[in-house]
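# What the coordinates show
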Amino acid sequence: MYICGHSYEFDKHNNWELMESICEKPFGKEDLWYATNMNIYQYVEGYNRLKCSADGRLVRNPNLFTVWFEVDRKLYSVEPGQTVRVEE
């Protein structure tokens, strides 16, 4: 879910309770990633920097953070500087 808005809009429409009720539902969930626009941009750029072997079975992460990706409905994570083998 992506929520975008400006605080002045909630003041203008007097509906802060709407934003609060939306944000309460996912609050404190350990399996969610709470990110700013910059966090998302940096992650997408990091994903795009992953290096794959010619056959696509080895994936190396040159980034300073973990990147997750999915192949054939299997989820992989690759740590900074790590190379993982994608199963056939």
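Preceding this section is the structure that the text describes.
The following refers to the structure shown. (Residues numbered from 1 in each chain as written. Predicted model: local features only at pLDDT ≥ 70, side-chain atom pairs only at ≥ 80, totals over all residues. Heavy atoms only, no water.)

### Considering the pattern of salt bridges
Summed over all chains, the structure comprises one salt bridge. Residue E87 pairs with K74 through a salt bridge whose shortest N-O separation is 2.9 Å. Residue E87 is located in the segment after β5 (83–85), and its partner K74 is located in strand β4 (residues 74–78); the two are separated by 13 residues in the primary sequence. Looking at E87, the relative accessible area reads 48%, which means it is partly exposed. On the accessibility criterion, K74 (32% relative accessible area) is partly exposed. (Salt bridge = Lys/Arg side-chain N within 4 Å of Asp/Glu carboxyl O. Helix = DSSP H or I, 4+ residues; strand = E, 2+ residues; numbered from the N terminus. Buried < 20%, exposed > 50% of the residue type's maximum accessible area, 1.4 Å probe, protein only.)

### Details of unusual backbone geometry
Of note, the phi angle at N14 is positive, near 50°, even though the residue is not glycine. With a relative accessible area of 62%, N14 lands in the exposed category. One non-glycine residue with positive phi stands out, namely R73, at about 65°. In this structure R73 comes out as exposed when scored by relative accessible area, which is 79%.

### Quick look at the sheet that holds strand β1 (residues 51–52)
Strands belonging to one sheet form pairs held by backbone hydrogen bonds; the direction of such a pair is parallel or antiparallel. Read across the open sheet, the three strands follow the order β1-β2-β5; overall the sheet is antiparallel. Strands with a single pairing partner mark the edges of an open sheet, and in this sheet they are β1 and β5. (Pairing = 2+ DSSP bridges.)

In short, geometric facts, not functional conclusions.
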